[in-house]
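Reading the structure
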Amino acid sequence: MKVRIHKGDTVEIISGSADDKGKRAEVIRVEPEDGKVVVSGVNMRTRHKRPVQAQNRQVPAGKVRFEAPISMANVMLVCPKCGKATRVGLSHEGDKVSRRCKKCQALIDD
Ligand SMILES: [Zn+2]
């Protein structure tokens, strides 16, 4: 599978919860096997931690906020050149695959 979204890209959330829709944020992880991405501050979940005794150190109970993965289909790349949310075209030059903005045709550097 060709991955059009890379870690460090800025993406716009095009579908999903009302809280997240329209948000722009940085991709912090890509899970190509699942077709998913983790986007900073998007699709937040709360995990409740129990207190645990570990190596003579008491770790208190608490809430851990974390980003859950979302489908790549729900995000669009924000072109660093024109600033628009865009579909990504791939162009092949030998072994090198370049990404190109479909709006302004600029090459998107990795
Ligand atoms: Zn562009």
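Residues numbered from 1 in each chain as written. Predicted model: local features only at pLDDT ≥ 70, side-chain atom pairs only at ≥ 80, totals over all residues. Heavy atoms only, no water.

Here we come to the overall build of the protein. The helix and strand tally for the protein stands at zero helices and 13 strands. When the helices and strands of the protein are listed from N to C terminus, the series reads β-β-β-β-β-β-β-β-β-β-β-β-β. Relative to the globule expectation of 13 Å for 110 residues, the C-alpha radius of gyration of the protein, 18 Å, shows a markedly less compact shape. On the principal axes, the C-alpha backbone points of the protein span a range of 55 × 35 × 20 Å. Every one of the 110 residues in the protein was classed for burial, and the buried ones make up 30%. In the form shown here, the protein has an accessible surface area of approximately 7300 Å², with 47% of it arising from carbon and sulfur atoms. (Helix = DSSP H or I, 4+ residues; strand = E, 2+ residues; numbered from the N terminus. Rg over C-alpha atoms; globule rule 2.2 N^0.38 Å. Buried < 20%, exposed > 50% of the residue type's maximum accessible area, 1.4 Å probe, protein only. Areas by Shrake-Rupley, 256 points an atom, 1.4 Å probe, with all protein chains shown as cover.)

Below, the discussion takes up the sheet that holds strand β12 (residues 96–101). With respect to topology, three strands assemble into an open sheet ordered β11-β12-β13, the strand pairing being antiparallel. On the outer flanks of this sheet lie β11 (88–93) and β13 (107–108), each paired with one strand and no other. Note that β12 and β13 share two bridges and pair antiparallel. Each bridged residue has a counterpart across the sheet, and for Arg-99 the counterpart in β13 is Ile-108. (Pairing = 2+ DSSP bridges.)

What follows concerns the coordination of the zinc ion. As a benchmark, a tetrahedral metal site with four donors has ideal angles of 109.5 degrees, while an octahedral site with six donors has ideal angles of 90 or 180 degrees. On the protein side, the zinc ion has Cys-79 (SG), Cys-82 (SG), Cys-101 (SG) and Cys-104 (SG) as donor atoms, found 2.2 to 2.4 Å from it. Accessibility expressed as a relative area gives 35% for Cys-104, which makes it partly exposed. (Donors = N, O, S within 2.8 Å, 3.2 Å for Na, K, Ca; no water.)

Next up on the list: the environment of Gln-58. In this fold, Gln-58 is placed in strand β6 (residues 57–59). Among residues more than four places away in sequence, those in contact with Gln-58 are Pro-51, Val-52 and Gln-53. (Contact = heavy atoms within 4.5 Å.)

With that settled, consider unusual backbone geometry. Not every positive phi belongs to a glycine, and Asn-43 is a case in point at roughly 60 degrees. Here Asn-43 shows up in the loop between β3 (36–39) and β4 (44–49). Of the residues examined, Asn-43 reaches a relative accessible area of 15% and is grouped as buried. Phi at Gln-105 is positive, roughly 70 degrees, even though this residue is not glycine. Mapped onto the elements, Gln-105 comes out in the loop between β12 and β13.

For the rest of this paragraph, the subject is the nonpolar core. Ile-5, Val-11, Ile-13, Val-37, Val-39, Ile-70 and Val-75 are the most contacted members of the largest nonpolar core, which has 16 residues in total. Looking at this core, the elements that each hand over two or more residues are β1 (10–13), β2 (24–31), β3 and β9 (75–78). Val-37 has contacts with Ile-5, Val-27, Arg-29, Val-30, Pro-69, Ile-70, Met-72 and Val-75, leaving out every residue within four places of it along the chain. (Core = buried A, V, L, I, M, F, W, Y, C linked by side-chain atoms within 4.5 Å.)

Another point: the sheet that holds strand β8 (residues 70–71). One open sheet accounts for six strands, arranged β8-β3-β2-β1-β9-β10; its pairing is antiparallel. Two strands lie at the open edges of the sheet, namely β8 and β10 (85–86), each paired on one side alone. The pairing of β2 with β3 spans four bridges and is antiparallel. Bridging from a neighbouring strand, Glu-31 pairs with Lys-36 of β3.

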